[in-house]
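As a plain string of letters, each chain reads:
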Amino acid sequence: LQNLEVLHAAKIQFAARIYFCIIKYAEIMKTIPTTNKKVIIGSKNVAKFMAIALILTGFIITQAYAQKKNVSDYSYQRAVDAFINDKDNGKALELVNKQLDETPYHLDARFLRAKIFWLLDRNDAALADVTFAINHYKGKPDVFKSTMFYLQGEIYDDLQKFPEAVTAYGQAVRFAKK
């Protein structure tokens, strides 16, 4: 996320420099008599060139960033392996945190971390993660959302927030029926 902010700042700075150059060029062009057709045509061409350069530079920077940030599920897959096969919650938590540092909206990783937090009796953190996953859920099968609501119900139950637990369990049943 920090890299994205730096990239965005660099794009704005570059755009500002191009804009400043265009404005300065336009001011200079105003001082030259308009009877010189070559200067007028040159002015339009330079403005077009600078606009195209700005657009292309933004596109190139965005593409370069996208290629750099083409993140895999590698840490998540290793976290699942550590959680299921090795029964090592500490290692799984470390790996899933690494995945979420790279891809904060990775809902599978977010759900796994919620499950690990819940098993470690870190219910507030578990509730935050499962609620985040529920709120950002889009396009996955309904059974996945049902599972998320079920975990949310379990967490509310452990926190002795029984009305919220009943609501979450009801949502789990509703999505399981779809």
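Residues numbered from 1 in each chain as written. Predicted model: local features only at pLDDT ≥ 70, side-chain atom pairs only at ≥ 80, totals over all residues. Heavy atoms only, no water.

### Let's talk about the confidence of the model for the protein chain
Caution applies to low-pLDDT parts of the model: their predicted coordinates are not meant to be read in detail.
In step 1: Across the protein chain, pLDDT averages 76, with 60% of residues at or above 70.
In step 2: Overall, residues 49-54 carries pLDDT values under 50, and its contacts beyond four positions in sequence, including any with other chains, amount to seven contacts.
In step 3: Counting contacts from residues 56-70, a segment whose pLDDT is below 50, to residues more than four positions away or on other chains yields 10 contacts. (pLDDT = per-residue confidence, 0-100. Contact = heavy atoms within 4.5 Å.)

### Side note on the nonpolar core
In step 1: Counting residues in hydrophobic clusters, the biggest one holds 33 residues, and the most contacted among them are Val96, Leu112, Ile116, Val130, Met148, Leu151 and Ile155.
In step 2: Taken together, the elements giving at least two residues each to this core come down to α3 (74-84), α4 (89-102), α5 (107-119), α6 (123-135), α7 (142-158) and α8 (162-177).
In step 3: By residue number, the principal contributor to this core is α5, which donates eight residues.
In step 4: With residues near it in sequence (within four places) discarded, Ile155 still touches Trp118, Asn123, Ala126, Leu127 and Val130. (Core = buried A, V, L, I, M, F, W, Y, C linked by side-chain atoms within 4.5 Å. Buried < 20%, exposed > 50% of the residue type's maximum accessible area, 1.4 Å probe, protein only. Helix = DSSP H or I, 4+ residues; strand = E, 2+ residues; numbered from the N terminus.)

### Some remarks on the side chain of Arg110
In step 1: With respect to the helices, strands and loops of the structure, Arg110 is situated in helix α5.
In step 2: With relative accessibility at 11%, the residue Arg110 sits in the buried group.
In step 3: Other than its neighbours up to four places away in sequence, Arg110 contacts Leu100, Pro104, Asp129, Phe132 and Ala133.

### As for α4
In step 1: Here α4 is 14 residues long and its end C-alpha atoms lie 20 Å apart, about the 20 Å a rise of 1.5 Å per residue gives.
In step 2: Packing partners of the buried residues in α4 comprise α3 and α5.
In step 3: At the N-terminal boundary of α4, the capping side chain belongs to Asp88, with an oxygen 3.3 Å from the backbone nitrogen of Gly90. (Expected span 1.5 Å × (residues − 1). Polar contact = N/O pair within 3.5 Å; in protein donor to acceptor, adjacent residues only side chain to side chain.)

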